[in-house]
Amino acid sequence: MTERTPLLHYRLSTSVNESEPRGPPAGRAPEQLPGGSRRRSAQQRQPKKLSIFFGVVVPTLLSMFSVVLFLRIGFVVGHAGLYQAIAMFLVAYFIICMTVLSVCAISTNGALDAGGAYYMISRALGPEFGGSIGIMFFLANVCGSALYVLGLVEAIVTTFGVPEVTSSYQVLPSGYWWSLLYATGIALLCLLVCMVGAHIYAKATFLIFMVVMFVLGTILISFFAVRPRTIVLPRPSSFNPTPNGTGPTFPTTANFTGFKLDTLLGNLGAGYTEDYTTQTMMNFATVFAVMFNGCTGIMAGSNMSGDLKNPSYSIPRGTITAVIFTFIIYNLLSVLVACTCDRVLLQRDYGFLRDINIWYPFVIIGVYSSTLSAAMSNLIGASRILYALARDDLFGKVLSPAKKTSHSGNPWVSVLISWFLVQLVLFAGKLNTIASIVTIFFLLVYAAVDLACLALEWASAPNFRPTFRYFTWHTCVLGIIGCAVMMFLINAIYASASIAFMLLLLLLIHYLSPTSSWGYISQALIFHQVRKYLLMLDVRKDHVKFWRPQVLLMVSNPRSSVGLITFINDIKKSGLYVLGHVQLGDLNTLPSDPLQSQYDSWLSLVDHLNIKAFVNLTLADSVRHGVQHLLFISGLGGMRPNTLVLGFYDDCVPKDRLTGSSLSTSPSNDPSGLSPEDHGEFEDGKVLGPQEYVAIISDAMKMLKNVVLARYFNNFDRSLALSPPPSSPGKGAVYVDVWPVNLLRPDSCSYVDTCSLFLLQLACILNMVRSWRKATLRLFLCVEEGRSVRGSEEKLGQLLKELRIKAQIYPVPWDQQVALHWQRQGDFGKKQHLQDASDAAAEGKKQKPDEEEENEDDYARPAPAVRFLYLPRPPADTRRYSAYLRQLELLTQDLGPTLLIHGVTPVITTDL
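Thresholds applied
Residues numbered from 1 in each chain as written. Predicted model: local features only at pLDDT ≥ 70, side-chain atom pairs only at ≥ 80, totals over all residues. Heavy atoms only, no water. 1 Å grid on protein atoms, 1.4 Å probe; cavity = no way out; pocket = protein on both sides within 12 Å on 5 of 7 lines; lining within 4 Å. Points joined across faces, edges and corners; volume = space filled by probe spheres on them. Helix = DSSP H or I, 4+ residues; strand = E, 2+ residues; numbered from the N terminus. Nonpolar A, V, L, I, M, F, W, Y, C, P; charged D, E, K, R; others polar. Contact = heavy atoms within 4.5 Å. Disulfide = S-S within 2.5 Å. Buried < 20%, exposed > 50% of the residue type's maximum accessible area, 1.4 Å probe, protein only. Salt bridge = Lys/Arg side-chain N within 4 Å of Asp/Glu carboxyl O. Pairing = 2+ DSSP bridges. Axes fitted to C-alpha atoms, helices over the stretch in contact; angles between N-to-C directions.

**Q** So what's going on with empty space enclosed by the protein? Residues and values would help.
**A** With the rule as written, the count across this model stands at 4 cavities of 30 Å³ or more. Space inside the second largest cavity adds up to approximately 50 Å³. Residue lining of the second largest cavity: Pro-549, Val-551, Ile-568, Ile-571, Thr-643, Val-645, Val-708, Phe-758 and Leu-762, and that is the complete set. Every element with two or more residues in the lining of the second largest cavity is listed here: helix H21 (562–571), strand S6 (643–647) and helix H26 (754–768). Residue composition of the lining of the second largest cavity, grouped by class: 8 nonpolar, 1 polar and no charged.

Here you go:
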């Protein structure tokens, strides 16, 4: 994906809508760039960029002045009454004004490219939201195009196809299938225009705008100039009179009364009745759904962002101007209609404006031109959105055919797909039938725009500083709430289905689409919230009841440490987990920081192993100093490592555990950024000696960090450890052995010191992990000869009960020789005695006389999956570090996966 980014940026700037070309890099003239002459010729072929009026105001007004203005203004007032009609317009314009403020804020926060609302949402919220909302916006434009086509068909049939009224020009047959045929023909005309190119539509836009404004002027004049008259009403499409005349009766005429107080009073209240085109009962929600389609054109200007001279300047001013103008006109027409037309006329003839006009054909011309223009505008917009989605590769190969363009750059495949979907929607047959779906789709898109602006505002990113400042997060929230409420008021089923479909698309894109370079608003929001809560996490309020392990695992070579990395991920218990790595070097002698290029590889390792861990890398002159750095600076606030985990210092040959995985297919994917040989771990030499290794342990304890040494985890595989063969001595049972006593000082058999309790806590945490719950804890009670085994066992059992730890207790008697070993020796001599002690402890074998060998317990069998052993403190005398390490090596030799653990802080409490 990163290799395609420059190409993607170039294609975004030279797309079908031809946004402003980006300039050459500093210091290079355009002709010095590859293909410079071709770019100059392409720039010469580019059409002139549009101004505010022609690029924003005109398209927005044409989109908003279409069906509702000419065919549904009487429908709204007739059913809802003047009071509710004005209330509907106030609610609708409140919603779109909140959205317009959000659009203005986003559009003035940087350079806009082709794609309009989809571009704004996707680049603000990231590919998941952008892609899902982009599909919804595409469907909204498809349904909107079909709605305007059906509106035009309705106007044509009303004018030329009403068979009940005899006239020389009413010659077209009517009916569902005839209407579908007319709609198909109009859709084919729109397809033809779009296939030739959007420039034909763009050239005719201003002419259509002038026609619509002229017709609107004649309508306003007609209310004052035309005298009262009686108008013949159209018959309902389903009207079939019975032979005896006993069927339902409908009014056949209605009056245009001129300005009369009685007419106004009769139209003030609501009077919902049956819609004569669909034979369904109207209510506030259904009328609002139809009316709101006159407010859905506010994105027309932003959709032209690729053709504007200065999108960030033009979109706010042009959109706000158009919204204010349409709001005034709609309310003015509502008042004039309520004062001059009786309710029957408004409810039974949606095309009454042509009958009261000073010249009949004016309104017909206005209806035809505005609806045809809006239908083509929505079809072009839908095809461009689909092309932008395909170009961004959010849906992979599914939309790849939509990338194809003609020699002139027209995305003809996207146009064909959009037209085909429009044709499917036309089977709905009636404008009012699909009005609810179109309205819900647009409301969902508007809510997404408000959400995008809200997210940018709440993220408090320094780069979000739009020049348009007349918005706050309150306006965004009000817009979202308004859109959501109206969606469910219009049709709760459609609204729920639309949201569910959008969420399904969101999840699909999240899991299947490649990583984008647009930025993710979720990351900014998470950062904002995490910072706030980290400041609230006060270390002075820490309590032992809420202690959890926060682990810093030092990794030399991640390729040989996979088993240990995954095991420690199990034992962290929702705590902090940091993978630390020290690279030897001196920044003074290096040209740049060598660690920066390695972070991505380490993060890829974290993703590949599916662990929840952070990565901290440091550059130091020695491993000891590097570990000190990480212990001092890892974490933030109250989230700092309290436990250091080290691999054991021995001569085991590391093995590459990532061979054959996706991370080993390329040297660039090495999780450390280096080949295995570069670590020195696969060679005979080591990067630190035994003296320095023990010094690191001592340093960690001085810093009051718990220390864990892990041995024999090179080949550890959790799935194998938790699934022993049924033929094993334990018949498939899994055990975790715990030895909470200092095995190098067997005369100190206390189980209640801090270190022993820490050992028990970690073993209990491991047993709480879902995959380790079937494992059984075996706690070994070491009892010196002469003491009561039963008494010690009962005391330990009571302690485990108080600590809520479930474990099996196995007594291990120690003979006098082993118990007094340290008292007799006083030093690290007599290797054989120590070997006997460590063997007795690790293998669970009591030092017994020969005559008792046949009665020996088998508590050491079967072999456990993991052993937890007590790690004694390093000696104060640094000269004894090597001998101390040798003792640990003898103690754990050939034991399998083993953890040597030393705790320095209390971690267990019996209090509530």
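**Q** Explain the side chain of Ser-122 to me, and be specific about the residues and the numbers.
**A** By the secondary structure assignment, Ser-122 is in helix H5 (residues 116–125). Once you skip the residues sitting within four places of it in the chain, Ser-122 turns out to touch Pro-127, Gly-130 and Trp-518.

**Q** Give a detailed account of the state of the cysteines, specifying residues and quantitative values.
**A** This model, assessed by the stated rule, comprises 0 disulfides. We note that Cys-341 lacks a disulfide partner, and the nearest cysteine sulfur, in Cys-339, lies 9.8 Å from it. Judged by relative accessible area, Cys-341 falls into the buried class, the value being 0%.

**Q** Before we move on, can you summarise the pattern of salt bridges with the specific residues and values?
**A** Close approach of charged atoms allows side chains with opposite charge to pair. For the coordinates displayed, the defined rule picks out 11 salt bridges. Note that Asp-538 is salt-bridged to Arg-540, the shortest N-O span being 3.0 Å. The class of Arg-540 is exposed, set by a relative accessible area of 73%. Salt-bridge contacts for Arg-879 lead to Asp-877; the nearest nitrogen and oxygen are separated by 3.1 Å. Classification of Arg-879 as exposed rests on a relative accessible area of 71%.

**Q** An account of the sheet that holds strand S11 (residues 866–870) is needed here, citing residue identities and associated values.
**A** If you trace the 10 strands from one edge of the open sheet to the other, you get S5-S4-S3-S6-S7-S12-S11-S8-S9-S10, paired in mixed fashion. Strands with a single pairing partner mark the edges of an open sheet, and in this sheet they are strand S5 (614–620) and strand S10 (808–814). Each strand axis lies, on average, 25° off the axis of its neighbour in the sheet, ignoring direction. Direction of pairing for S6 relative to strand S7 (residues 706–711): parallel, over a ladder of 5 bridges. Residue pairing for S7: Gly-647 is matched across the bridge by Ala-710. Together, strand S4 (577–584) and S5 form the strand contacts of helix H22 (residues 599–609), whose direction differs from that of S5 by roughly 145°. Helix H23 (residues 623–633) rests against strand S3 (551–554), S4, S5 and S6 of the sheet, and its axis sits at about 135° to S5.

On their own, these measurements won't tell you what the molecule is for.
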